[in-house]
Amino acid sequence: MLNVLVILAAIAPVAVVIWYIYRKDRKQPEPTKLLIKAFIYGILSALLTLLIVIPFEAIAEFDNDEVSTIGSAISNAFFMAAIPEEVAKLVMLWLLLRNNPYFDEHFDGIVYAVCIGMGFAAIENVLYLFDNYESWISVGIARALFAVPGHFLDAVIMGFYYSLWHFRIVRNWQTCALILVGPILAHGIYDSIVFSMNINDSLSGILLLLFLLFLNKLKNICKKHIADLVNH
């Protein structure tokens, strides 16, 4: 019974985010089977990440317990998390949308990207909660408040620029680059701050404030991205 509760705690915040973005897609909601497919692709992106990360293991310290400087925290954040994870998600988004006849509205890019991001977040949540079995409640709450929204915001950025490029709203090299660079920067900065909090207790308060300010700024950017494409 406890294992079921842990899994539900891992999946519940993901389900809330998917429901939220689905409700935003009022004009022509995407078929449920494709949203489920996108979610499964997100789970598969977590497996793909394990392959993509291999070349980066020589660059960054794989074990976060060994991170002792701001430089190593940033290195781990980008090379062990942000870059491989966002590349994997983009590969799955491209595979899902390349021949998708239902990808016919500007907002659809965000919808599919978010479902893929939530698939990744779901499997990551399950692994984290079982890895911290004795404190799964506190870990589950923390991830519901920060990690899942973080994956959501990364996905909104990726889906936004993917739609801008696909529908030729703004088709230049900057837009194309931001499909991947945008979420990598958002994800990398997020993790860099979080990883750095464990290095120096005297800086943790300042870093926490910086983290909250960054998250709020990212939320406002993504809120505008959603409004722009919902009303386009």
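For the structure itself, consult the block above.
Residues numbered from 1 in each chain as written. Predicted model: local features only at pLDDT ≥ 70, side-chain atom pairs only at ≥ 80, totals over all residues. Heavy atoms only, no water.

Draft legend 1. Main features of the packing of aromatic side chains. Inspection of every chain in the model, using the stated rule, returns 9 aromatic pairs. Measuring from centroid to centroid gives 5.0 Å for Phe160 and Tyr161, while their planes differ by 80°, and the two rings are edge-to-face. Accessibility classification places Phe160 together with Tyr161 in one group, the buried group. Through a chain of ring-to-ring contacts, the aromatic side chains of Phe103, Tyr162 and Phe167 assemble into a single cluster. Directly above the ring of Phe120 sits Lys89, whose terminal nitrogen or CZ lies 4.9 Å from the centroid. The ring of Tyr128 carries Arg143 above its face, with NZ or CZ at 4.2 Å from the centroid. (Phe/Tyr/Trp six-rings, centres within 6.5 Å; stacked < 30°, edge-to-face > 60°. Buried < 20%, exposed > 50% of the residue type's maximum accessible area, 1.4 Å probe, protein only. Lys NZ or Arg CZ within 6 Å of the ring centre and 35° of its normal.)

Draft legend 2. Representation of the nonpolar core within the structure. In this structure, Leu93, Ile110, Val114, Met118 and Phe152 are the most contacted members of the largest nonpolar core, which totals 51 residues. Within the residue set of this core, elements represented by two or more residues are helix H1 (2-24), helix H2 (32-52), helix H3 (70-97), helix H4 (108-131), helix H5 (136-166), helix H6 (173-197) and helix H7 (201-230). Per-element tally for this core: the top contributor is H5, with 12 residues. In this structure, Val114 is in contact with Val17, Ile21, Phe152, Ala155 and Val156, ignoring residues within four places of it in sequence. Among the nonpolar cores identified, the runner-up in size contains 12 residues, and Phe56, Phe78, Ala82 and Phe195 belong to it. (Core = buried A, V, L, I, M, F, W, Y, C linked by side-chain atoms within 4.5 Å. Helix = DSSP H or I, 4+ residues; strand = E, 2+ residues; numbered from the N terminus. Contact = heavy atoms within 4.5 Å.)

Draft legend 3. Seen up close, the packing of H1 against H5. Between H1 and H5, the least distance of the axes is 10 Å, while the angle of their chain directions is 25°. Judged by the angle between their axes, H1 and H5 are roughly parallel. Every pair of crossing elements has a handedness; the one defined by H1 and H5 is right-handed. Along the contact surface, H1 presents Leu2, Leu5, Val6, Ala9, Pro13, Val14, Val17, Tyr20 and Ile21, while H5 presents Trp136, Ala144, Val148 and Phe152. Of the residues belonging to the contact of H1 with H5, the class tally is 13 nonpolar, no polar and no charged. (Axes fitted to C-alpha atoms, helices over the stretch in contact; angles between N-to-C directions. Parallel < 35°, antiparallel > 145°, perpendicular 65-115°, else oblique. Left-handed = near helix turned anticlockwise from the far one by under 90°. Nonpolar A, V, L, I, M, F, W, Y, C, P; charged D, E, K, R; others polar.)

Draft legend 4. Spotlight on H4. Over its 24 residues, H4 runs 35 Å from end to end, which matches the ideal 34 Å to within 8%, given 1.5 Å per residue. A large share of H4 lies buried, amounting to 19 of its 24 residues. (Expected span 1.5 Å × (residues − 1).)

Draft legend 5. Quick peek at a nonpolar patch on the surface. A cluster of nonpolar side chains, Met1, Leu2, Val4, Leu5, Ile7, Leu8, Ile11, Phe130 and Tyr133, forms an exposed patch at the surface whose accessible area comes to about 800 Å². Counting residues per element, the nonpolar patch draws most heavily on H1, at 6 residues. Note on placement: Phe130 falls in helix H4. Relative accessible area serves as the criterion here: at 32%, Phe130 is assigned to the partly exposed category. (Patch = residues over 30% accessible without salt bridge, like charges linked within 9 Å, V, L, I, M, F, W, Y side chains within 5 Å. Areas by Shrake-Rupley, 256 points an atom, 1.4 Å probe, with all protein chains shown as cover. Salt bridge = Lys/Arg side-chain N within 4 Å of Asp/Glu carboxyl O.)

Draft legend 6. Just the side chain of Asp154, in detail. Mapped onto the elements of the fold, Asp154 is located in helix H5. We note that Asp154 is buried and unpaired, the nearest opposite charge coming from Lys89 at a distance of 4.7 Å. Leave out the neighbours within four places in its chain, and Asp154 touches Glu86, Pro183, Ala186 and His187. (Lys, Arg positive; Asp, Glu negative; His and termini not counted.)

Draft legend 7. Here's a closer look at the pattern of salt bridges. What the rule picks out here adds up to 3 salt bridges. Its salt-bridge partner being Arg143, residue Glu124 comes within 2.6 Å of it at the nearest N-O pair. Highlighted residues: Glu124 in helix H4 and Arg143 in helix H5, separated in sequence by 19 residues. By relative accessible area, which is 10% here, Arg143 ends up buried.

Draft legend 8. Here's a closer look at the environment of Arg168. Locating Arg168 in the fold gives a position in the loop between H5 and H6. Taking the relative accessible area as the measure of exposure, Arg168 reaches 61% and is therefore exposed.

Draft legend 9. Region of the structure containing the packing of H3 against H5. Packing of H3 against H5 leaves a shortest axis separation of 11 Å and a crossing angle of 50°. Comparing the axis directions of H3 and H5 gives the class oblique. As for how H3 packs across H5, the hand of that crossing is right-handed. Mapping the contact onto sequence places Glu85, Glu86, Lys89, Leu90, Leu93, Trp94 and Leu97 in H3 and His151, Asp154, Met158 and Tyr162 in H5. Taken together, the residues of the contact of H3 with H5 sort by class into 6 nonpolar, 1 polar and 4 charged.

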